[in-house]
Amino acid sequence: MKILVVGGGGREHALVWKISQSTMVDKIYCAPGNAGTQQLAESVPIDAEDIDALAKFARTNEIDLTVVGPEGPLVKGIADAFEENGLKVFGPSMAGAMLEGSKEFSKRHMQKYGIPCAMGKAFTDADKAKAYVRYLGAPLVVKADGLAAGKGVIICKSEEEAHQAIDDMLTDNIFGDAGSVVVVEECLKGEEASFIALTDGKTVLPLPESQDHKRIFDNDEGPNTGGMGAYSPAPVMDYSLKKQAMEKVMIPAVEGMAKEGTPFKGVLYAGLMIDNDQIKVLEFNVRLGDPETQPILMRLQNDLVPLMEACCDGTLHLYNTQIDPRAAMCVVISSGGYPGAYNKGHVISGLEQANQNEDTVVFHAGTAMDGDNVVTSGGRVLGVTALGDTVEQSIENAYKACDAISFTDYFHRKDIGAKALKRLSTPAQVGIIMGSDSDFPVMEDAIKMLKKFGIPYYVTVASAHRTPEQASALAAEARETGVKVIIAGAGGAAHLAGVLAAHTTLPVLGVPIDSSALDGMDSLLATVQMPPGIPVGTMAIGKPGAYNAGIFAAQILGVSDPAIAEKLAAFKKEMADKVVKKAQTLA
């Protein structure tokens, strides 16, 4: 196969690197490429948004598959143009690319198909937009509707700042046509994560979750950038949240596009805001993220080419992903002055030494060749990416490689991955132990409640009958690891809670699960009928029991934790208010 990769940044170098590993590929071109891509692909001096020239090149050189990296050509309709010329292209149509190309379109799509997102509206009239600002109150976000080189999202701490942003866009046209419509929306709270999936318009195949670092300085300070680093996996997204992202965001978004008569094929990227057990979409992108692509592709063990072809051909349902269990970390090295003005042409040293580190790849972004020297040509210059058996090890490996690289006025953040380390170092206060992974859909309700109250937890599987030693050890060691409550969910004979209670002095809550013809009555009786001295707090059967187990665990912890007690009081009031509201509707 002959493949053309469109773009010239770090994402495109990562794509070329991954595609070059495919046994299906004979030749790779990259337009326009950079100093890194040209080591693996032939550079083509065509701008990424010169669609006619790219299509002509693809026809002339009999390209079998074109992979579009950046959003610009996608929004301008490169996929449509290529398909009209009988050329296979990986990326959504112009209509599909509107999910990123127009924030108004994206917002309407999310609202229509029930995808959780920030409350907001689109405006072309500055006075009406300002009136909505007063209605929402600060803080809030003002967004330019179209593509604005990553600068079109303004987080406003006050109504005055929001009014200024609206005037800048609608009156002063600082973003040109991209700002002729503005979207004003509430400012979401929580922690951001990136969730990216491949799709053929029907099947949605998730890639590993990741977390980007947008601000230029450590501790998320300073102005926004294109991204100063990323890592995968992202501990903020556990199994439950990834499941929620698929079921509430990615699948409805793709199915909605199909219902609109514009099937979406390619990469769908959801920027998510995570607040305890809730996720909301900040934005959709229609391509791989940069720098998220670098750690994600380092972990993806599949040949990428068949996956991309399956997206084009509608056969993605035949594939699964194989993911390296190790962590991957990408640290972006940038030019001094970025994201403001910066100088170009500085000679970069240490690249060969950095690449010699085990499981490390230095991906080029803003680089070019000047004779035999690699020089800087952009704001974000390199993405130093490394694998590690743990998040901590991947951080050490990435920064070790960074230490080998230098050029005039270079800069990088020193805290990429710190959020992951902090989250991973927080000990679980509740252990959720299930007799089988098939019990997860029930026990998920306990997880949701623990998340609501901000209680750290872990989830695992241990069988009272098949792995009794493991179950006993989990219970015996729980107190030493910081666990204060154990929740056990099991069906059938349901001896798990009893085995755990017999090996710990911690409170054990049992959730009977319906897994037999007896509708859960067997597991209920097995859980509740404990001998004297081995108490188990037994909940109701199934999801209501799991829900209450999460609340009960919070109540136990709240006895000695005022913060949890305060959240419980607010939760009780919230429930009471709902009852009062329902009563009023019947009056």
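Above this text sits the structure in question.
No experiment lies behind these values; they were computed from the predicted model shown.

Visitor: What am I meant to see in the overall build of the chain here?
Guide: Scanning the chain for helices and strands turns up 20 helices and 27 strands. Taking 587 residues into account, the globule formula puts the C-alpha radius of gyration at 25 Å, and the chain, at 26 Å, falls close to it. With the C-alpha coordinates aligned to their principal axes, the bounding extent of the chain is approximately 80 × 60 × 45 Å. Here the chain holds 587 residues, and 53% of them are scored as buried. Partitioning the contacts of the chain with sequence separation of at least 6, the portion at a separation of at least 24 is 69%. Accessible area of the chain: about 25,200 Å², with a carbon and sulfur share of 51%. Measuring between centres, the 53 positive side-chain charges of the chain sit 5 Å from its 73 negative side-chain charges.

Visitor: Teacher, can you tell me more about the sheet that holds strand S22 (residues 380-388) here?
Guide: Think of a sheet as strands paired side by side through backbone hydrogen bonds, with each pair either parallel or antiparallel. Reading across from one edge, S12-S15-S18-S22-S19 is the order of the five strands in this open sheet, with antiparallel pairing throughout. In this open sheet, the two edge strands, each paired with only one partner strand, are strand S12 (211-212) and strand S19 (360-364). Relative to S22, S19 runs antiparallel, the two sharing five bridges. Along S22, the bridge assignment pairs His 364 with Leu 382.

Visitor: What is the right way to read the layout of surface pockets from this model?
Guide: To locate leftover empty space, one rolls a probe as large as a water molecule over the atoms. Roughly 1,100 Å³ of volume is contained in the second largest pocket. Lining the second largest pocket are 35 residues, and of these Pro 235, Val 236, Asp 238, Arg 423 and Lys 451 lie nearest its centre. Contributing elements (two or more residues each) for the lining of the second largest pocket: helix H9 (239-259), strand S16 (266-275), helix H14 (418-425), helix H15 (440-452) and strand S24 (457-461). Here the residues of the lining of the second largest pocket are counted per class, giving 20 nonpolar, five polar and ten charged.

Visitor: Explanation requested: the pairing of S16 in the structure shown.
Guide: Successive side chains on a regular strand alternate, one facing one side of the sheet and the next facing the other. Of all ten residues in S16, nine are buried, a share of seventy percent or more. Strand direction decides the pairing type here: strand S10 (residues 191-199) and S16, joined by nine bridges, are antiparallel. By the bridge assignment, Phe 195 is partnered in S16 with Ala 270. Where S16 and strand S17 (residues 278-285) come together, seven bridges link them in antiparallel fashion. Note that in S17 the partner of Asp 275 across the bridge is Gln 278. From the end of S16 to the start of S17, which pair antiparallel, there are two residues, and Asn 276 there has a positive phi angle of about 60°.

Visitor: Where do I start with the nonpolar core in this structure?
Guide: Nonpolar side chains tend to gather and get buried jointly when the protein is soluble and globular. Grouped together as the largest cluster of nonpolar side chains are 77 residues, with contacts concentrated most on Met 237, Val 249, Met 250, Phe 284 and Ile 405. Among the elements that make up this core, the one with the highest residue count is H9 (eight residues). If you look at the next biggest cluster of nonpolar residues, it comprises 38 residues, including Ile 19, Ala 41, Cys 311 and Phe 363.

Visitor: I would appreciate a short explanation of the sheet that holds strand S4 (residues 65-68) in the present structure.
Guide: Across the sheet, which stays open at both edges, the five strands sit in the order S3-S2-S1-S4-S5 with parallel pairing between neighbours. If you trace the sheet from one side to the other, it starts and ends with strand S3 (42-43) and strand S5 (89-90), each paired once. Contacting strand S1 (2-7), strand S2 (27-32) and S4, helix H1 (residues 10-19) crosses the sheet at an angle of about 165° to S1. Taken strand by strand, helix H2 (residues 51-60) contacts S1, S2 and S4, and its axis lies near 170° from that of S1.

About the cut-offs
- Residues numbered from 1 in each chain as written.
- Predicted model: local features only at pLDDT ≥ 70, side-chain atom pairs only at ≥ 80, totals over all residues.
- Heavy atoms only, no water.
- Helix = DSSP H or I, 4+ residues; strand = E, 2+ residues; numbered from the N terminus.
- Rg over C-alpha atoms; globule rule 2.2 N^0.38 Å.
- Buried < 20%, exposed > 50% of the residue type's maximum accessible area, 1.4 Å probe, protein only.
- Contact = heavy atoms within 4.5 Å.
- Areas by Shrake-Rupley, 256 points an atom, 1.4 Å probe, with all protein chains shown as cover.
- Lys, Arg positive; Asp, Glu negative; His and termini not counted.
- Charge placed at Lys NZ, Arg CZ, Asp CG, Glu CD.
- Pairing = 2+ DSSP bridges.
- 1 Å grid on protein atoms, 1.4 Å probe; cavity = no way out; pocket = protein on both sides within 12 Å on 5 of 7 lines; lining within 4 Å.
- Points joined across faces, edges and corners; volume = space filled by probe spheres on them.
- Nonpolar A, V, L, I, M, F, W, Y, C, P; charged D, E, K, R; others polar.
- Core = buried A, V, L, I, M, F, W, Y, C linked by side-chain atoms within 4.5 Å.
- Axes fitted to C-alpha atoms, helices over the stretch in contact; angles between N-to-C directions.

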